[in-house]
Each structure stands twice: as C-alpha cells, then as structure tokens.
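# Residue-level structural notes
Listed below are the residues making up each chain.
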Amino acid sequence: MLRWLLIFLLVFNALGAYYGSYMLLSDPSGEAIQMADGILEGSPFSSFLIPGIILLLVNGLLPTIAAVGMITRKPQKPLPGFPVLKQYHWAWSLALIAGIGLMIWIGVQIAMLGYWKDYPIQAIYGTLGVVITGLALLPGVRKGYLL
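Criteria and thresholds
Residues numbered from 1 in each chain as written. Predicted model: local features only at pLDDT ≥ 70, side-chain atom pairs only at ≥ 80, totals over all residues. Heavy atoms only, no water. Helix = DSSP H or I, 4+ residues; strand = E, 2+ residues; numbered from the N terminus. Rg over C-alpha atoms; globule rule 2.2 N^0.38 Å. Buried < 20%, exposed > 50% of the residue type's maximum accessible area, 1.4 Å probe, protein only. Contact = heavy atoms within 4.5 Å. Areas by Shrake-Rupley, 256 points an atom, 1.4 Å probe, with all protein chains shown as cover. Lys, Arg positive; Asp, Glu negative; His and termini not counted. Charge placed at Lys NZ, Arg CZ, Asp CG, Glu CD. Core = buried A, V, L, I, M, F, W, Y, C linked by side-chain atoms within 4.5 Å. Expected span 1.5 Å × (residues − 1). Bend = angle between axes of the 7 residues up to and from the residue. Patch = residues over 30% accessible without salt bridge, like charges linked within 9 Å, V, L, I, M, F, W, Y side chains within 5 Å. Salt bridge = Lys/Arg side-chain N within 4 Å of Asp/Glu carboxyl O. Axes fitted to C-alpha atoms, helices over the stretch in contact; angles between N-to-C directions. Parallel < 35°, antiparallel > 145°, perpendicular 65-115°, else oblique. Left-handed = near helix turned anticlockwise from the far one by under 90°. Nonpolar A, V, L, I, M, F, W, Y, C, P; charged D, E, K, R; others polar.

### Considerations on the overall build of the protein chain
Scanning the protein chain from N- to C-terminus turns up five helices and zero strands. The order of α-helices and β-strands along the protein chain, N terminus first, is α-α-α-α-α. The C-alpha radius of gyration computed for the protein chain amounts to 16 Å, which stays within 12% of the reference 15 Å derived for 147 residues, consistent with globular compactness. On the principal axes, the C-alpha backbone points of the protein chain span a range of 50 × 25 × 25 Å. With 147 residues in all, the protein chain has 41% of them scored as buried. Intrachain contacts of the protein chain at a sequence separation of at least 6 include 69% that bridge at least 24 residues. Element-wise, carbon and sulfur atoms account for 72% of the exposed surface of the protein chain, whose accessible area totals about 8300 Å². Between the mean site of the 8 positive side-chain charges and the mean site of the 5 negative ones, the protein chain shows a separation of 40 Å.

### Some thoughts on the nonpolar core
Residues L6, L10, I39, M70, W92 and I132 are the most contacted members of the largest nonpolar core, which totals 37 residues. Taken together, the elements giving at least two residues each to this core come down to α1 (2–26), α2 (49–72), α3 (90–113) and α4 (121–137). Looking at which element gives the most residues to this core, the answer is α3, with 11 residues. When neighbours within four sequence positions are excluded, M70 is seen to be in contact with R3, L6, I7, L10, A91, W92, A95 and Y145.

### Considerations on the environment of P80
Take P80: it is sitting in the loop between α2 and α3. In this structure the C-alpha to C-alpha distance between P80 and W90, which are 10 residues apart in sequence, comes to 7.9 Å.

### Quick notes on α2
Here α2 spans 33 Å end to end across 24 residues, near enough to the 34 Å set by a 1.5 Å rise per residue. In α2, a bend of some 25° at L56 exceeds every other bend along the element. When α2 is considered as a whole, its buried residues turn out to be P51, G52, L55, N59, G60, L62, P63, A66, A67, G69 and M70. Residues of α2 that are buried make contact with α1 and α3.

### What about a nonpolar patch on the surface?
There is a patch of nonpolar side chains on the surface, built from L25, L49, I50, I53, I54, L57, L61 and I65 and spanning about 610 Å² of accessible area. By the secondary structure assignment, L49 is in helix α2. For L49, a relative accessible area of 37% puts it in the partly exposed group.

### Examining the packing of α2 against α3
At a minimum axis distance of 8 Å, the contact between α2 and α3 shows a crossing angle of 150°. Considered as vectors, α2 and α3 are oriented roughly antiparallel to each other. Every pair of crossing elements has a handedness; the one defined by α2 and α3 is left-handed. Of the residues in α3, those touching α2 at P51, I54, L55, V58, N59, L62, P63, I65, A66, G69 and M70 are W90, A91, W92, L94, A95, I97, A98, G101, L102 and W105. Here the contact of α2 with α3 is composed, by residue class, of 18 nonpolar, three polar and no charged.

In structure tokens form, the structure reads like this:
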C-alpha cells in the first residue's frame, strides 16, 4: 500500500512539474504564471528559461522514470554511479533522489526568491518532498526493492 502511495506522489509531483515547466518554458518572463516583476533580481537568472528546464528534468522526468520503474521493476539493477545504493533497485534509488531533489528545489527557491506566504505552493511541495523521501526510506518500501 505504501509503495503505491509513493508511486502516486511521484506522479503527482511530476504532473505539477510538467505544468510548471511548460508555463515557464512557453513564457520565460513568468507573466503567464503571474510571477511578480523583479522576482529574479539577485538570482543568477535573467528569465525563467533555465529554472523551467531544471524543473522539467529534476521534478518532472526523474520522478516519472522512478514511478514507471517502481511499477515494472525492470531491469533488476542498481542505479549506476551510486555505490552507496548498490543493494537497491535503480527505481527506488531514483524515488529517493526525487524526494531529496524536490526538497532542494524548494529550499533553493525560497533562498533565492523568498517564501511566498500568500501562496502555499512552496509549503505543499516542500512537504511533498519530505513525504516522498520518508516513504522511500520506510523499511517496508525499501525491502521491496532490495536486489
């Protein structure tokens, strides 16, 4: 049951990221999603193009691939390049990385742009990152992805 909740939350995160990245990539000024003028001042970005690409990759494609792999469980291999996770299926490792990546995304966003107290989206997705990471680390979920 918890495995399926984790898969659902990975897909939920990915869908939100696909929407957000589409909006940022189709209008890098941020006007389409009503971003305040000057919100990128002090950041290394002059538009939302690069953040949109990062959002697409880290919070869109990564959790999608993890969710599909967690469902199919194929191929039965560890994630290359991560020796600390070598005893686990690659999809479980990606799910864990996706949760941590989402927390980092929200943390960096808050550090660079500030906390949006009038819009709870940062709190929601920050919590989602914590829940995804926590679910992935639960012994019952981890055990199902041991190689």
